[in-house]
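Okay, here's what each chain looks like letter by letter:
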Amino acid sequence: MANAAGVTPAMVSYYFGDKQGLYEAMLERVFQNLMARVSELARHESENEDRLSSFVRLHIATLAHDPWVPQLILREVLSAEGPLRERFVEGFARRMTDAVLGIIREEKAAGRLRQDLDPQLTVLSLMGLSVFPFLSQPVSGPLLGFELDEAFRDRLILHTVKLFRNGVAGPGHEA
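Residues numbered from 1 in each chain as written. Predicted model: local features only at pLDDT ≥ 70, side-chain atom pairs only at ≥ 80, totals over all residues. Heavy atoms only, no water.

A. Quick look at the packing of helix H2 (residues 19-43) against helix H4 (residues 69-78). At a closest axis distance of 11 Å, the pairing of H2 and H4 adopts a crossing angle of 135°. Judged on the interaxial angle alone, H4 and H2 are oblique. You can see that H2 and H4 cross each other, and the crossing is left-handed. Of the residues in H4, those touching H2 at Gln20, Tyr23, Met26, Leu27, Val30 and Phe31 are Val69, Leu72, Ile73, Arg75 and Glu76. For the contact of H2 with H4, the class distribution of residues is eight nonpolar, one polar and two charged. (Axes fitted to C-alpha atoms, helices over the stretch in contact; angles between N-to-C directions. Helix = DSSP H or I, 4+ residues; strand = E, 2+ residues; numbered from the N terminus. Parallel < 35°, antiparallel > 145°, perpendicular 65-115°, else oblique. Left-handed = near helix turned anticlockwise from the far one by under 90°. Contact = heavy atoms within 4.5 Å. Nonpolar A, V, L, I, M, F, W, Y, C, P; charged D, E, K, R; others polar.)

Right under this line is the structure:
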């Protein structure tokens, strides 16, 4: 791992302590910026801004910039006894989930989302639509003919926003 990055194992140990420290720093770098932007979306309610579509754009663009993130989360957070689970949940996932749930509840209250939507399941749906293409790319990419490049990122953002918005839009708020 250190050789692939062009550094020595001693440098990794000096700056990060161990492999888990390095992984934490990697996730911190990716999610701090995303969290700041999602928190900003959550704080600003506006009839002119589609905050859920903005979240999808931010989330997919973040994953496209660092496509290794979903695999690292799968291995180090979601796997049985994932060593980074608690740190990830407390440092990022809880705040992100709370912010997105707040946006969904506000959008429902404003009539811009269907009233029958379950906010928790809506968050899961958004995560699945955004993350699964990155997790499945080693198999689905060759089968469906896509690479994790800018063109795919842009297609995925447009498709996910359109699919999500047209599936959940309240009357008169279709994308």
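B. Quick peek at a nonpolar patch on the surface. There is a patch of nonpolar side chains on the surface, built from Val139, Leu143 and Leu144 and spanning about 370 Å² of accessible area. Mapped onto the elements, Leu144 comes out in helix H6 (residues 119-144). (Patch = residues over 30% accessible without salt bridge, like charges linked within 9 Å, V, L, I, M, F, W, Y side chains within 5 Å. Areas by Shrake-Rupley, 256 points an atom, 1.4 Å probe, with all protein chains shown as cover. Salt bridge = Lys/Arg side-chain N within 4 Å of Asp/Glu carboxyl O.)

C. Highlighting the pattern of salt bridges. Tallied over the entire structure, the rule returns ten salt bridges. Close ionic contact of Arg51 with Glu107 constitutes a salt bridge, the shortest N to O distance being 3.4 Å. Remark: Glu107 occurs in helix H5 (residues 85-109) and Arg51 occurs in helix H3 (residues 51-65); sequence separation between them is 56 residues. For the pair formed by Arg51 and Glu107, the shared burial category is buried. For the salt bridge of Glu76 with Arg75, the shortest nitrogen-to-oxygen distance reads 3.3 Å. When salt bridges that share partners are traced, they join Arg51, Glu106, Glu107 and Arg112 into one network. (Buried < 20%, exposed > 50% of the residue type's maximum accessible area, 1.4 Å probe, protein only.)

D. The layout of surface pockets, seen in detail. What the largest pocket holds in volume is close to 610 Å³. Ile73, Phe88, Ala93, Thr97 and Met127 are, among the 24 residues lining the largest pocket, the residues nearest its centre. Contributions of two or more residues to the lining of the largest pocket are made by H3, H4, H5 and H6. With nine residues, H5 is the largest single contributor of residues to the lining of the largest pocket. Of the residues that constitute the lining of the largest pocket, the class distribution is 18 nonpolar, three polar and three charged. (1 Å grid on protein atoms, 1.4 Å probe; cavity = no way out; pocket = protein on both sides within 12 Å on 5 of 7 lines; lining within 4 Å. Points joined across faces, edges and corners; volume = space filled by probe spheres on them.)

E. How the structure looks around H6. Between the first and last C-alpha of H6 there are merely 31 Å, a value that for 26 residues lags more than 12% behind the 38 Å anticipated at 1.5 Å per step. The largest bend in H6 is about 85°, located at Gln137, with the proline Pro138 one to four residues further on. Of the residues making up H6, those classed as buried are Pro119, Thr122, Val123, Leu126, Ser130, Val131, Pro133, Phe134, Ser136, Gln137, Ser140 and Gly141. (Expected span 1.5 Å × (residues − 1). Bend = angle between axes of the 7 residues up to and from the residue.)

F. Examining the side chain of Thr160 more closely. Its place among the elements puts Thr160 in helix H7 (residues 150-168). From its side chain, Thr160 meets the backbone oxygen of Leu156 in a polar contact 2.7 Å long. Each residue touching Thr160, except ones within four places of it in the same chain, is listed here: Val56, Ile60 and Leu129. (Polar contact = N/O pair within 3.5 Å; in protein donor to acceptor, adjacent residues only side chain to side chain.)

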